[in-house]
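# Observations on the three-dimensional arrangement
So the chains spell out like this:
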Amino acid sequence: MLQQKIQYKPYAEKDFSSLKGLTGISDKTLEIHLGLYSGYVKNTNILNEQIIELTEQGKTGTPVYSELKRRYGFEYNGMRLHEYYFGNLKPGGSELKDTSKLGNAIQQVYSSIEVWKNDFSKVGSMRGVGWSILFQDPFTKTLSNHWITLHEEGNVAGFVPILVMDVWEHAFLLDYKPAERPKYIEAFFSNVDWSAVESRLLA
Ligand SMILES: [Fe+2]
């Protein structure tokens, strides 16, 4: 029988404590949200350990193995998308200039930053929980806005997340009513660290 031996390095949680003091997103919301992020890191590591254990035991044909494998995209993407989200925020925010590399890339597709922002916000206002993400196609370098359901449905193969906005209700429900998602989206935009966002663009 083939001996299965798999190496795995656990993921480490990133520190986003410097985000306290965001505009329109309370420290309490941030604290709870970071706690949820922490859970995704832990669960991704647990899934990896359990999947490896079952593989090494030759139990890949079991329903438990299948369910853990299917669960992986949810936990891993939950971890990474939150890192993109928190990583594109900073207290006080910043301004996206028309003349910047990102501003130019946006205007090549959308006629203006305002048109793009409106489209991104509309995607983020869709019913249900998920994410509004500005992606870059690595083949054409073109930018486009997309909806991701939960964390794993709708990701486009190879596309690079450039700006990531969480629109799960836990991201805003302490600060806004469920119907006030547009207010949260405006608050999100007032906290965007555009230089961090621009640094994600492919060359
Ligand atoms: Fe979230």
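Quantities reported herein were computed from a predicted structural model and do not represent experimental measurements. (Residues numbered from 1 in each chain as written. Predicted model: local features only at pLDDT ≥ 70, side-chain atom pairs only at ≥ 80, totals over all residues. Heavy atoms only, no water.)

### Focus: the sheet that holds strand S2 (residues 143–149)
Taking strand neighbours across the sheet as the criterion, the 3 strands line up as S2-S1-S3 in an open arrangement whose pairing is antiparallel. Here the strands that pair on one side only, and so sit at the sheet edges, are S2 and strand S3 (160–166). Strand-to-strand twist across the sheet, computed as the mean angle between neighbouring axes with direction ignored, equals 25 degrees. Examined bridge by bridge, strand S1 (residues 130–136) and S2 share 7 bridges and lie antiparallel to one another. (Pairing = 2+ DSSP bridges. Helix = DSSP H or I, 4+ residues; strand = E, 2+ residues; numbered from the N terminus. Axes fitted to C-alpha atoms, helices over the stretch in contact; angles between N-to-C directions.)

### Quick word on the side chain of His 82
Note that His 82 resides in helix H2 (residues 63–87). A residue is classified by how much of its surface remains accessible, and His 82, at 0% relative accessible area, is buried. Only 3.1 Å separates the side chain of His 82 from the side chain of Asp 166, close enough to count as a polar contact. If we ignore the near neighbours within four places in the chain, the residues touching His 82 are His 33, Tyr 37, Tyr 40, Asn 77, Gly 87, Trp 131, His 151, Asp 166 and His 170. (Buried < 20%, exposed > 50% of the residue type's maximum accessible area, 1.4 Å probe, protein only. Polar contact = N/O pair within 3.5 Å; in protein donor to acceptor, adjacent residues only side chain to side chain. Contact = heavy atoms within 4.5 Å.)

### With respect to helix H1 (residues 27–56)
An ideal rise of 1.5 Å per residue puts 44 Å on 30 residues; H1 measures up with 44 Å between its terminal C-alpha atoms. Directly after H1, the chain includes Gly 58, whose backbone phi takes a positive value near 75 degrees. (Expected span 1.5 Å × (residues − 1).)

### Here's the deal with the domain arrangement of the protein chain
When cut into domains, the protein chain gives domain 1 (25–87) and domain 2 (101–198). When each unit is reduced to the centre of its C-alpha atoms, the spacing between domain 1 and domain 2 is 22 Å. The largest contributions to the domain 1 side of the interface with domain 2 come from Ile 25, Leu 81 and Tyr 85, which together make up 37% of the buried area. One can count 0 salt bridges joining domain 1 with domain 2. Applying the counting criterion to the domain 1 and domain 2 interface returns 8 residue pairs in polar contact (both at pLDDT 80 or more). Of all elements in the fold, only H1 and H2 reach the threshold of two or more residues within the side of domain 1 that touches domain 2. Along the lines of polarity and charge, the residues of the side of domain 1 that touches domain 2 split into 8 nonpolar, 8 polar and 1 charged. (Domains from an automatic or database assignment. Buried area = accessible area lost by both parts, 1.4 Å probe. Salt bridge = Lys/Arg side-chain N within 4 Å of Asp/Glu carboxyl O. Nonpolar A, V, L, I, M, F, W, Y, C, P; charged D, E, K, R; others polar.)

### A short note on the environment of Ser 121
Considering the arrangement of structural elements, one finds Ser 121 in helix H4 (residues 113–124). Along the sequence, Ser 121 and Asn 155 sit 34 residues apart, while their C-alpha atoms lie 18 Å from each other. In contact with Ser 121, not counting residues within four places along its chain, are Ile 185 and Phe 189.

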